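What follows is each chain in one-letter form.
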Protein chains: 2
Amino acid sequence: MRLKIKKLKLEAGRPIVFLHEKTAQKLNIHIGDRIAITQKNLRAIAIFDIVKSLVSEKEVVLSQEVFEYAKFNSKKEVHINLALSPESTTYIIKKLNGKSLSREEIFAVVGDIVDNSLTEAEIAYFVAGVYEKGMSFKEICFLTEAIYKTGSKLFWDKKEIADKHSIGGIAGNRTTPIVVSICAAAGITMPKTSSRAITSAAGTADAMEVLAKVDLSLNDLKRVVKKTNACLTWGGSLGLAPADDKLIRVERLLNLDPEPQLLASIISKKLAAGSKYILIDIPYGPQAKVSKEKARKLKLKFLKIAKNFKLHMHVVLTPADQPIGNGIGPVLEIKDVLRVLQQNNSPKDLENKSIFLAAKILEMMGKSKPGKGEFIARSILETGVAYDKFKEIIDAQGKIKADLGLAKHSYEIKAKKSGKITLIDNKLINYISRVLGCPEDKKAGIYIHHHKNEEITEGQKLLTLYAESSKKLKEAIHFFNESKVIEIN
Amino acid sequence: MRLKIKKLKLEAGRPIVFLHEKTAQKLNIHIGDRIAITQKNLRAIAIFDIVKSLVSEKEVVLSQEVFEYAKFNSKKEVHINLALSPESTTYIIKKLNGKSLSREEIFAVVGDIVDNSLTEAEIAYFVAGVYEKGMSFKEICFLTEAIYKTGSKLFWDKKEIADKHSIGGIAGNRTTPIVVSICAAAGITMPKTSSRAITSAAGTADAMEVLAKVDLSLNDLKRVVKKTNACLTWGGSLGLAPADDKLIRVERLLNLDPEPQLLASIISKKLAAGSKYILIDIPYGPQAKVSKEKARKLKLKFLKIAKNFKLHMHVVLTPADQPIGNGIGPVLEIKDVLRVLQQNNSPKDLENKSIFLAAKILEMMGKSKPGKGEFIARSILETGVAYDKFKEIIDAQGKIKADLGLAKHSYEIKAKKSGKITLIDNKLINYISRVLGCPEDKKAGIYIHHHKNEEITEGQKLLTLYAESSKKLKEAIHFFNESKVIEIN
């Protein structure tokens, strides 16, 4: 069908086309369908949306992104039609039917994810296929390669670029700023990009954002790393593995995290970031994402894939039976980080885990003899050298006038009896902090006064809850009272 | 986050919310996310879209549909946040993990599909789960019940409402207008609603639209049926089984058609239409959707579910080894229908199949003794009574000044050798008709001059292709030459 272009400076963040309801009916297309727009030899694919009030039946509105892609002449008509399904949909069916995909087939799927040719529903079918049928070692390697080759890539003059990654899920596990500061102070190059919170109270990027700018351009990031050996930024704006970002978005709808994609996701991002030496932390236990048995198996798979891509990798399994540190929430967590770096009443669990991880990296990078890493890491921390490095990184990224005050409304939860704390439920702590407003409300969250295995007496403070509104606070208190977050026996 | 409402009369066909890119970043939300919008006790769920140019960072634009739903005061601020996943997502995970769902769980999923609480990607996970793990007989019944109970329902004064349904997929299989005309002429009430083409050249609604209005309101439909005993309309606008419409839309992305959903889809629509006597036609064979073996099994399942819902059902298995009739495409198919009804050089395969199906309905409804149905159906057709009924139905629906001319550009495909036709590939015929412009270009399509098993001589016409543009015609000819559509031996 030929339609006139109605000019409207419409930036939509993605290529979309607006048509009148009746035009859509005639073309038998539905919201979310892929539309092919052609004008002589120019062609673009966009997603269809109805907006009755903006267009007539003879017109089409194209978002700026479509013009940027195809350079259409806005004075001439375009031809609009339903786009045929990309070839990769047949590979998705193949995976749903339990068959292995070839390198070419996996590259086709990933390429079509990146250039918007596959809709989110089609991506969901792919995730479901991988979830149901799994992937062979070969397929996981193809997926990893495809994800990192379809995105931007960071290049470094030095070869010895280090990185760390935690499988995540443990509340308060904010080791990254401490580990990076210690390692960078020891002369290791660590361009660390992190994510924002997906299901937890805060991601490293959310916490760092309290103190510094985190959405840096590629050039700014390189400048910071050149100056300080490291950075602590948000990876989302860099386009390092755009297919992975879309896959994660579709996976998290159901909190599915099929193992082949978990592996491909982590390793492809490290490859794209140009890292060669990688420490992987897998927290295990009933409060973590995986059991000890599963963690062991996962470790072997990580090492096998890393070898395939010529990466030096060290994997540690860390027991996780409760949240780490005292603060849960962006400001509360960065305060814990500062207490460790300033060596001022630091939460020992967070400090010890950070030193353990930093030590592994120091040893892996030859900055320490085997077995001596912890001693060196601790001295870098205790002498204040790590804190100086941290401040240097913050200044280079762009320091923000930090407001470390906490949210307006607070409530203290006290022990109803004396005894030993036998449970602090990590998942429920994460959930309550979301109810309290994290990660959006940076000053909201939970302060944990006592940890598991500590003896307490009736009336002692267990948790302090912080929220920006009394409604959120009430909701969180209600939820706490209804569920078993903490047990004392 | 609290935002001002920017007033903009924006009809989007569904509840959507536009936010500035930066606001979305702060809220950590992505395109397609479900957003909860609240104002005191008022609450609505809408889907998020970015349109940078329409809103500032402090504003939100809500489509008219959101206002209609929640009656917000547009002068006051609203609170915007990411909506929590509906409970039904956990049931979708349960199905993906191979577990059976309870009645309540299936109703929750279907209810959330209907009220937009589940995104298309989440619906895709559900379809994938059903595709991978199947459903028990009980689950299929719950699904059927849930689909028809969450939509509108037609009520009739009479109890004996008849209906027919073909599993579809055979090009040119346009028996419905003929069967309905014969049965209605015999005094049977048949309020037939049909779909538009999904993957074929034309649906019954596309073909009927050449002659009459097909998008009737519920009231108009009732008026037509009261007057003529029947109708031949489009079911899409009636909201009879809205969950099914959405499921089909997500399924067809990959042309997945899991059997439990096929069964639930067909039976729920018949229940919603108030039909009590149903004839199901299952075409089988290498050119059809199912093999003879599968067709037999499917028949038993249909009968079992029908019994559960107290429906009288008759299932026929019809061999399908090639397209039916001569015309493929909306106008070409309605011309075949008219040739049969007018008894003017009618395509015998289409005529015979229509009589066979009509006879089964006449016998099922007690309008004929067993075994005498074909005789009665044929006399109704041959005496012109069926054609009179057809014209009556068209007049009542709203006659359109019919233009039965064919598309501008045409091309004849001739036999390259003499011999017997051993193959006319049904799926490729469907595909070529789509390339020629069907169903959008109503006058486009294919005329099949000779059928399978006919003897022909070199140079005789095999097919005539019709298209509205020479480009589409060329594309179709190119495709024909590259593939084995017809074989002569």
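Residues numbered from 1 in each chain as written. Chains lettered and ligands numbered in written order. Predicted model: local features only at pLDDT ≥ 70, side-chain atom pairs only at ≥ 80, totals over all residues. Heavy atoms only, no water.

Draft legend 1. Main features of the overall build of chain A. Helix and strand counts for chain A stand at 18 helices and 18 strands. For 489 residues, the compact-globule estimate of 2.2 N^0.38 gives 23 Å, and the C-alpha radius of gyration of chain A, at 25 Å, lies within 12% of that figure. Along the first, second and third principal axes, the C-alpha atoms of chain A reach 75 × 50 × 45 Å. Residue burial in chain A is summarised as follows: out of 489 residues, 57% are buried. Summarising the internal contacts of chain A: among those between residues at least 6 apart in sequence, 79% fall at separations of at least 24. Approximately 20300 Å² of chain A is accessible, and the part contributed by carbon and sulfur atoms is 51%. Of the charged side chains in chain A, 79 are positive and 56 negative, and the gap between their average positions amounts to 3 Å. (Helix = DSSP H or I, 4+ residues; strand = E, 2+ residues; numbered from the N terminus. Rg over C-alpha atoms; globule rule 2.2 N^0.38 Å. Buried < 20%, exposed > 50% of the residue type's maximum accessible area, 1.4 Å probe, protein only. Contact = heavy atoms within 4.5 Å. Areas by Shrake-Rupley, 256 points an atom, 1.4 Å probe, with all protein chains shown as cover. Lys, Arg positive; Asp, Glu negative; His and termini not counted. Charge placed at Lys NZ, Arg CZ, Asp CG, Glu CD.)

Draft legend 2. Broad picture of the sheet that holds strand β6 (residues 78-82) of chain A. Residues and elements named next belong to chain A. Spatially, the six strands close up into a barrel ordered β1-β5-β2-β4-β3-β6, and their pairing is mixed. Going from strand to strand, the sheet's axes swing by 45 degrees on average, the running direction of each strand aside. Sheet analysis places strand β1 (residues 2-5) next to β6, joined by two bridges and oriented antiparallel. The residue bridging Leu3 from the neighbouring strand is Val78, located in β6. (Pairing = 2+ DSSP bridges. Axes fitted to C-alpha atoms, helices over the stretch in contact; angles between N-to-C directions.)

Draft legend 3. Structural detail: the packing of helix α4 (residues 103-114) of chain B against helix α6 (residues 137-149) of chain B. All names here are of chain B. Taken N-terminus to C-terminus, the directions of α4 and α6 make an angle of 40 degrees; their axes are 9 Å apart at the nearest point. Here α6 runs oblique to α4, going by the angle between their axes. Viewed along their axes, α4 and α6 form a crossing whose handedness is right-handed. Residue-level contacts link Arg103, Ile106, Phe107 and Val110 of α4 to Glu139, Phe142, Leu143, Glu145, Ala146, Ile147 and Lys149 of α6. (Parallel < 35°, antiparallel > 145°, perpendicular 65-115°, else oblique. Left-handed = near helix turned anticlockwise from the far one by under 90°.)

Draft legend 4. Representation of the interface of chain B and chain A in the model. Counting residues at the interface gives 53 residues for chain B and 53 residues for chain A. Interface area, chain B with chain A, both sides summed: about 4600 Å², of which 53% is carbon and sulfur. If you look at where chain B meets chain A, you find two salt bridges. Put simply, Lys133 of chain A and Glu132 of chain B hold a salt bridge, and the shortest N to O gap is 3.0 Å. The tally of links between chain B and chain A comes to seven residue pairs in polar contact (both at pLDDT 80 or more). Elements with a minimum of two residues in the side of chain B that touches chain A: α1 (21-27), β4 (42-50), α3 (88-96), α5 (120-133) and α10 (242-251) of chain B. Residue composition of the side of chain B that touches chain A, grouped by class: 26 nonpolar, 10 polar and 17 charged. (Buried area = accessible area lost by both parts, 1.4 Å probe. Salt bridge = Lys/Arg side-chain N within 4 Å of Asp/Glu carboxyl O. Polar contact = N/O pair within 3.5 Å; in protein donor to acceptor, adjacent residues only side chain to side chain. Nonpolar A, V, L, I, M, F, W, Y, C, P; charged D, E, K, R; others polar.)

Draft legend 5. Examining α4 of chain B more closely. Under the 1.5 Å per step criterion, the end-to-end length of α4 of chain B is 16 Å for 12 residues, consistent within 8% with the ideal 16 Å. Residue Asn116 of chain B follows α4 of chain B closely and has a positive phi angle near 70 degrees. (Expected span 1.5 Å × (residues − 1).)

Draft legend 6. Representation of the pattern of salt bridges in the model. A complete count under the given rule lists 62 salt bridges over all chains for this structure. Across the salt bridge formed by Lys472 of chain A and Asp441 of chain A, the nearest N and O atoms sit 2.9 Å from each other. Of this pair, Lys472 of chain A sits in helix α18 (residues 470-482) while Asp441 of chain A sits in the loop between α17 (426-435) and β15 (445-448), and the two are 31 residues apart along the sequence. Taking the relative accessible area as the measure of exposure, Lys472 of chain A reaches 16% and is therefore buried. Using a relative accessible area of 12% as the deciding quantity, one classes Asp441 of chain A as buried. Here Glu487 of chain B ties to Lys484 of chain B by a salt bridge, and the two come within 3.8 Å at their closest N and O atoms. A relative accessible area of 59% places Lys484 of chain B in the exposed class.

Draft legend 7. A look at the nonpolar core. Within the largest apolar cluster, 132 residues are counted, with the highest numbers of intra-cluster contacts made by Tyr125 and Phe302 of chain A together with Tyr125 and Phe302 of chain B. Among residues more than four places away in sequence, those in contact with Phe302 of chain B are Ile167, Leu263, Ile266, Ile267, Ile280, Ile282, Met313 and Val315 of chain B. (Core = buried A, V, L, I, M, F, W, Y, C linked by side-chain atoms within 4.5 Å.)

Draft legend 8. Region of interest: the domain arrangement of chain A. Looking at chain A, the domain boundaries give domain 1 (2-82), domain 2 (88-134), domain 3 (162-236 + 267-397) and domain 4 (409-488). Taken over C-alpha atoms, the centre of domain 2 of chain A sits 42 Å from the centre of domain 4 of chain A. (Domains from an automatic or database assignment.)

Draft legend 9. Expanded view of the layout of surface pockets. Here the second largest pocket defines a volume of roughly 490 Å³. What lines the second largest pocket is a set of 23 residues, among which Arg196, Glu209 and Lys442 of chain A together with Gln25 and Lys26 of chain B lie closest to the centre. Ranked by the residues each element gives to the lining of the second largest pocket, the list is headed by α1 of chain B, at four residues. Partitioned by chemical class, the residues of the lining of the second largest pocket number eight nonpolar, two polar and 13 charged. (1 Å grid on protein atoms, 1.4 Å probe; cavity = no way out; pocket = protein on both sides within 12 Å on 5 of 7 lines; lining within 4 Å. Points joined across faces, edges and corners; volume = space filled by probe spheres on them.)

Draft legend 10. Geometry of the packing of helix α14 (residues 348-364) of chain A against helix α15 (residues 373-382) of chain A. Residue and element names in this part refer to chain A. Relative orientation of the contacting elements α14 and α15 amounts to 120 degrees, with a least axis distance of 8 Å. Regarding the angle of α14 to α15, the classification is oblique. α14 and α15 meet at a crossing whose hand is right-handed. Residues Glu351, Asn352, Ile355, Phe356, Ala358, Ala359, Leu362 and Glu363 of α14 form the contact with α15, whose own contacting residues are Gly373, Glu374, Ile376, Ala377, Arg378 and Leu381. In terms of residue class, the contact of α14 with α15 is built from eight nonpolar, two polar and four charged.

Draft legend 11. Summary view of the pairing of strand β11 (residues 312-319) of chain A. Residues and elements named next belong to chain A. Relative to β11, strand β10 (residues 277-284) runs parallel, the two sharing eight bridges. Within the sheet, the bridge partner assigned to Leu279 lies in β11 and is His314. Taking the sense of rotation as the criterion, the β-α-β connection linking β10, helix α12 (residues 292-308) and β11 turns out right-handed. (Right-handed = clockwise from strand over helix to strand, strands pointing away.)

Draft legend 12. Highlighting the pairing of strand β5 (residues 59-62) of chain A. All names here are of chain A. By the bridge criterion, two bridges tie β1 to β5 in an arrangement that is parallel. Paired with Ile5 across the bridge in β5 is Val60. Bridging between strand β2 (residues 16-19) and β5 involves three bridges; their strand directions are antiparallel. Residue pairing across strands places Leu19 opposite Val60, the latter belonging to β5.

Draft legend 13. Representation of the environment of Ser102 of chain A in the model. Relative to the helices and strands, Ser102 of chain A resides in the loop between α3 (88-96) and α4 (103-114). You can call Ser102 of chain A partly exposed: its relative accessible area is 28%.

Draft legend 14. Summary view of the relation of the copies chain B and chain A. Structural alignment of chain B on chain A gives an RMSD of 0.1 Å, achieved by rotating through 180 degrees and translating 0.0 Å along the axis. Taken together, the rotation and translation describe the operation of a two-fold axis. Across chain B, the rotation axis passes nearest the C-alpha of Ala121 of chain B, at a separation of 1.9 Å. A high fraction, 100%, of the interface residues of chain B reappear at the interface in chain A, so the copies pair face to face through one surface. (Least-squares fit on C-alpha atoms with pLDDT ≥ 70 in both.)

Draft legend 15. Structural detail: the sheet that holds strand β7 (residues 162-166) of chain B. Residue and element names in this part refer to chain B. One open sheet holds the three strands; their spatial order is β7-β10-β11, and the pairing between them is parallel. Every other strand in the sheet has two partners, leaving β7 and β11 (312-319) as the edge strands with one partner each. Looking at each pair of strands side by side, their axes are set apart by 15 degrees on average, direction ignored. Together, β10 (277-284) and β11 form the strand contacts of helix α12 (residues 292-308), whose direction differs from that of β11 by roughly 170 degrees.

Draft legend 16. How the structure looks around the confidence of the model for chain A. Taken residue by residue, chain A gives an average pLDDT of 92. The fraction at 70 or more is 100%. Reported confidence for the predicted complex is 0.84 by ipTM and 0.86 by pTM. (pLDDT = per-residue confidence, 0-100.)

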